[in-house]
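# Summary of structural features
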Amino acid sequence: MRAKLIAGNWKMHLTLAGATALVEEFLGSYRPKPDVDVVVCPGFVALSKVRSLIKDTPLKLGGQDVFWEEEGAFTGKVSPAMLADVGADYCIVGHSEARGRFGGGQVDPNLLPFFVETHESLHQKIEALLYRAITPILCIGETLAERDAGRADAVVEQQIRGTLQGLEPSALFGVVLAYEPVWAIGTGKVCEAEEAGRMCGIVRETLRDLSDDDVATTARILYGGSLKPDNAYAVFQQPDVDGGLVGGASLNAASFAQIVHAA
Ligand code: 13P
């Protein structure tokens, strides 16, 4: 059986003081379970602090993005070696907000060219993370326009194939994918549990086709998008949903603890 995985993506929130308060409050109510892994993904500047706060606990640490080179003249970038050095176990790759795909339309469209990812850049990031034994959490998901056009399944399949093709099954073993419909992120519109389960099933079958049965059966596939304590349980009941990637609700210790409990 696959252990569940709940990851909190703090996005561009929290100072060091805020991060400390959140982790301390969460740890006050967190009751570890052997079959539920919990990961927190702070902003880069808080990684080291959070690592020290969780060092004697089962909590795991994740980055929110990475660059694929190990080191060099790449101003502003963070390498897999740096993430490994700070003790990151996981790293989010290809989040829709890093791809310039926003559910709530908060960003001036003129600024969208600043948010660029391609299948190639994501492929390179994943290879570089695997080299450092950091587990990638690859995010995929369709926009509302793509869903309305009946293209949700095809978009998700294409994102997975475009990014992961060419990677050996042995490299993909243990990989995590997060199905995050863009229209559900930060909008309060949660995907119906059955539909989230169906889409995660498509993710798993695509992975099976790209690699092999072992990879597909062991891969953890998460749902993300407006997960809250009151909808998490139904989503986690779906056979192909192995947990959640939680945004807003992970910034509140009590809500995050309830979502972990639901798993
Ligand atoms: P929300 O939970 O705030 O909708 O964000 C989901 C998400 O983007 C997690 O990566």
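Details of the structure are given in the entry above.
How each quantity is defined
- Residues numbered from 1 in each chain as written.
- Predicted model: local features only at pLDDT ≥ 70, side-chain atom pairs only at ≥ 80, totals over all residues.
- Heavy atoms only, no water.
- Helix = DSSP H or I, 4+ residues; strand = E, 2+ residues; numbered from the N terminus.
- Rg over C-alpha atoms; globule rule 2.2 N^0.38 Å.
- Buried < 20%, exposed > 50% of the residue type's maximum accessible area, 1.4 Å probe, protein only.
- Contact = heavy atoms within 4.5 Å.
- Pairing = 2+ DSSP bridges.
- Salt bridge = Lys/Arg side-chain N within 4 Å of Asp/Glu carboxyl O.
- Polar contact = N/O pair within 3.5 Å; in protein donor to acceptor, adjacent residues only side chain to side chain.
- Near = heavy atom within 4 Å.
- Nonpolar A, V, L, I, M, F, W, Y, C, P; charged D, E, K, R; others polar.
- Right-handed = clockwise from strand over helix to strand, strands pointing away.
- Core = buried A, V, L, I, M, F, W, Y, C linked by side-chain atoms within 4.5 Å.

### What to know about the overall build of the protein chain
Along its length, the protein chain carries eleven helices and eight strands. The C-alpha radius of gyration computed for the protein chain amounts to 17 Å, which stays within 12% of the reference 18 Å derived for 263 residues, consistent with globular compactness. By its C-alpha atoms, the protein chain is 45 × 45 × 40 Å across when sized along the principal axes. Out of the 263 residues belonging to the protein chain, those deemed buried represent 51%. Considering only intrachain contacts with a sequence separation of at least 6, the fraction spanning at least 24 residues in the protein chain is 72%.

### Topic: the pairing of strand β5 (residues 135-140)
In terms of residue burial, β5 counts as a mostly covered element, since five of its six residues are buried. With four bridges joining them, strand β4 (residues 90-93) and β5 adopt parallel strand pairing. Note on β5: the bridge partner recorded for Cys-91 is Pro-136. Pairing analysis gives four bridges linking β5 to strand β6 (residues 176-179), with the strands arranged parallel. Each bridged residue has a counterpart across the sheet, and for Ile-137 the counterpart in β6 is Val-176.

### Notes on the pattern of salt bridges
It is possible for side chains bearing opposite charge to pair when their charged atoms get close. Enumeration according to the criterion identifies 19 salt bridges in this entry. Of the charged contacts, one joins Lys-11 and Glu-97 as a salt bridge, the two residues approaching to 2.9 Å between their closest N and O atoms. Of this pair, Lys-11 sits in the loop between β1 (4-9) and α1 (16-29) while Glu-97 sits in the loop between β4 and α4 (119-131); the two residues are 86 residues apart in sequence, bridging distant segments of the chain. The pair formed by Lys-11 and Glu-97 is uniform in burial state, with each residue classed as buried. Lys-55 is paired through a salt bridge with Asp-56; the nearest N and O atoms lie 3.9 Å apart. Taken as a pair, Lys-55 and Asp-56 share a single burial class, namely exposed. Residues joined in a network through salt bridges with shared partners are Glu-142, Arg-147, Asp-153, Glu-195 and Arg-198.

### Regarding the side chain of Glu-97
A distance of 2.9 Å separates polar atoms of two side chains, one belonging to Glu-97 and the other to Lys-11. Excluding residues that lie within four positions of it along the chain, Glu-97 makes contacts with Lys-11, Phe-102, Phe-115 and Ile-185.

### Topic: the site of the ligand
The environment of the ligand is formed by Asn-9, Lys-11, His-95, Glu-180, Ala-184, Ile-185, Gly-186, Gly-225, Ser-226, Leu-245, Gly-247 and Gly-248. Within the contact set of the ligand, an oxygen atom lies 2.8 Å away from a side-chain nitrogen or oxygen of Lys-11. When the residues that make up the shell around the ligand are grouped by side-chain class, the tally is three nonpolar, seven polar and two charged.

### What about the pairing of strand β8 (residues 243-246)?
Residue alternation in β8 divides its side chains into two sets, Gly-243 and Leu-245 and Gly-244 and Val-246, and both sets are buried. The sheet contact formed by strand β7 (residues 220-224) and β8 spans two bridges and is parallel. Residue Gly-224 lies in a different strand from β8, and its bridge partner there is Leu-245. Handedness of the crossover joining β7 and β8 through helix α10 (residues 229-236) is recorded here as right-handed.

### Describing unusual backbone geometry
Although it is not a glycine, Lys-11 sits at a positive phi angle of roughly 50°. Phi at Ser-226 takes a positive value of approximately 55°, unusual for a residue other than glycine. Relative to the helices and strands, Ser-226 is located in the loop between β7 and α10. Judged by its relative accessible area of 9%, Ser-226 falls in the buried class.

### Here we look at the nonpolar core
Nonpolar side chains in soluble globular proteins tend to end up buried together. Ranked by internal contacts, the top residues of the largest apolar core, which has 66 residues, are Phe-26, Val-50, Leu-83, Leu-164, Leu-177, Tyr-223 and Phe-236. Apart from the residues lying within four places of it in its own chain, the contact partners of Leu-164 are His-123, Ile-126, Leu-138, Leu-172, Leu-177, Leu-207 and Leu-210.

### Focus on the environment of Ala-232
Residue placement: Ala-232 occurs in helix α10. Placed twelve residues apart in sequence, Ala-232 and Gly-244 show a C-alpha to C-alpha distance of 8.1 Å. Residues in contact with Ala-232, not counting those within four places in the same chain, are Leu-227, Ile-259 and Ala-262.

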